[in-house]
Amino acid sequence: QVPEEPAQRRVRELAALSKKLQQVHPNVLAKVLKQGTVYQNEEIVVINKPYGLPVHGGPGIKNCVADVLPVLAKMLENMKAKPLHLCHRLDKETTGVMVLARSKEVAERIRLLFKTRQVEKIYWAISLGDPDPAEGIVEIPIMEKEVRSHQSHYKMTLAPNYRLSPEDGKVMKIRKNRNAESAVTRYRLLARSSACSLLELQPITGVKHQIRVHLAYGLGCPILGDHKYSHWSKLAPQKLPEITLKRLKLEQSKARHLPLHLHAHRLCLPLGERLDLVCKPPLFFQKTLKKLELDLDLAKD
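Residues numbered from 1 in each chain as written. Predicted model: local features only at pLDDT ≥ 70, side-chain atom pairs only at ≥ 80, totals over all residues. Heavy atoms only, no water.

1. Focus on the pattern of salt bridges
Two side chains bearing opposite charge may form a pair once their charged atoms approach each other closely.
Logical step 1: This structure, assessed with the given rule, holds twelve salt bridges.
Logical step 2: Note that Arg274 is salt-bridged to Glu120, the shortest N-O span being 3.6 Å. With Arg274 in strand E14 (residues 273-278) and Glu120 in strand E5 (residues 120-128), this pair connects stretches of sequence that are 154 residues apart.
Logical step 3: Arg274 sits in the exposed class, given a relative accessible area of 54%.
Logical step 4: Where Glu200 meets Arg188, a salt bridge forms, and the shortest distance between an N and an O atom there is 3.2 Å. Of the two residues, Glu200 sits in strand E12 (residues 196-203) while Arg188 sits in strand E11 (residues 184-193), which places them twelve residues apart along the sequence.
Logical step 5: Connected through salt bridges with shared partners, the residues Asp91, Arg212 and Asp226 form a single ionic network. (Salt bridge = Lys/Arg side-chain N within 4 Å of Asp/Glu carboxyl O. Helix = DSSP H or I, 4+ residues; strand = E, 2+ residues; numbered from the N terminus. Buried < 20%, exposed > 50% of the residue type's maximum accessible area, 1.4 Å probe, protein only.)

2. Some points on the UniProt feature "domain: Pseudouridine synthase RsuA/RluA-like" (unreviewed entry) in the chain
Logical step 1: Mapped onto the present numbering, the UniProt feature "domain: Pseudouridine synthase RsuA/RluA-like" (unreviewed entry) falls at residues 44-216.
Logical step 2: Within the segment residues 44-216, helix and strand shares are 16% and 38% respectively, and the terminal C-alpha atoms sit 34 Å apart. (UniProt positions renumbered as here; feature names shortened; annotations may be inferred.)

3. Details of the packing of aromatic side chains
Logical step 1: If you walk through the whole model with that rule in mind, you get two aromatic pairs.
Logical step 2: For the pair Tyr51 and Phe284, a centre-to-centre distance of 5.4 Å together with 75° between the ring planes defines the contact as edge-to-face. Taken together, the positions of Tyr51 in the loop between strand E2 (44-49) and helix H3 (69-76) and Phe284 in helix H7 (residues 283-291) put the pair 233 residues apart, joining distant regions of the chain. Across this residue pair, the class does not change: Tyr51 and Phe284 are buried.
Logical step 3: Measuring from centroid to centroid gives 6.0 Å for Tyr217 and Tyr229, while their planes differ by 75°, and the two rings are edge-to-face. Here the residue Tyr217 occupies a position in helix H5 (residues 210-218), and Tyr229 occupies one in the loop between H5 and helix H6 (242-248), the gap between them amounting to twelve residues. (Phe/Tyr/Trp six-rings, centres within 6.5 Å; stacked < 30°, edge-to-face > 60°.)

4. Considering the nonpolar core
Logical step 1: Leu72, Leu84, Leu100 and Leu201 are the most contacted members of the largest nonpolar core, which totals 32 residues.
Logical step 2: Taken together, domain 1 (1-116) and domain 2 (119-269 + 279-288) each give at least three residues to this core, which thus spans both.
Logical step 3: If we skip the residues at most four places from it in the chain, Leu100 touches Glu43, Ile44, Val45, Ile47, Leu69, Leu72, Leu84, His85, Leu86 and Cys87.
Logical step 4: With 21 residues, the next largest nonpolar core counts Tyr51, Leu198, Leu224 and Leu258 among its residues. (Core = buried A, V, L, I, M, F, W, Y, C linked by side-chain atoms within 4.5 Å. Domains from an automatic or database assignment. Contact = heavy atoms within 4.5 Å.)

5. Some details on the domain arrangement of the chain
Logical step 1: Domain boundaries assigned for the chain yield domain 1 (1-116) and domain 2 (119-269 + 279-288).
Logical step 2: Taken residue by residue, the interface counts 25 residues in domain 1 and 26 residues in domain 2.
Logical step 3: Both sides of the domain 1 and domain 2 interface together cover about 2,000 Å² of buried area, and 69% of this is carbon and sulfur.
Logical step 4: In terms of surface lost to domain 2, no three residues of domain 1 exceed Gln8, Val11 and Val97, which account for 26% of the buried area on that side.
Logical step 5: Where domain 1 touches domain 2, the interface holds one salt bridge.
Logical step 6: Ionic pairing is found between Asp91 and Arg212, a salt bridge with its closest N-O pair at 3.6 Å. (Buried area = accessible area lost by both parts, 1.4 Å probe.)

Right under this line is the structure:
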């Protein structure tokens, strides 16, 4: 048997980690979240959500953030502490800033701030290719659609308000789809190298998979490790450019283990005083930046 490259081993270990998170005892998971606490006061607790951990339960999910909130509260305060409350959600594969409230009232207040778009959210993503222009706003509605292929499945996709007329190539407004939600994402290129980019993203709206869809289908720059939105008609591992594979010391056949490189980097929460909450990207994200030579001094953030 050929010995595995260290990079391939790491990628495999990470895939195994999300499986492992499903098998650990809730107390162990609560301890991991406690170690990832970045800020707390009498109203909120802010954690750095790990990769591969779902926020809510569902079929086949044994462990999720919601389930360990009572244990986490006791670990942080005392045995009589009331359970913490979720204020917003992050996808299972997304890492970073997550706000938990110590009381129901505070949770309601924070949910309202999210709903009325008063919370400023900054994400970092590593994408394939670089956006043109390097900075801008994507404002294209998004809806869920069934993909009819040999493996039928559902995906979020763009539902533009305009299209080009086939007759004369003029721009025409089309009837708005009832199921489409308006979606707005600001983006800015921070660094580029090895056929990839490090992007700073600010979702103004909060539609499901918004950043992933706007990057992949709006700008043609899918997020590294986003196997769902790198193709439209099939469920297949992301195809990586030669130089990217070389820098990551990865074979294309192992690309399916590559994790989604999307990180909730910063949240500005106007809760009485304005709280600026920042989480460093996880180690795998930092290592990828290094390997791809997407030089950004992480220490300064």
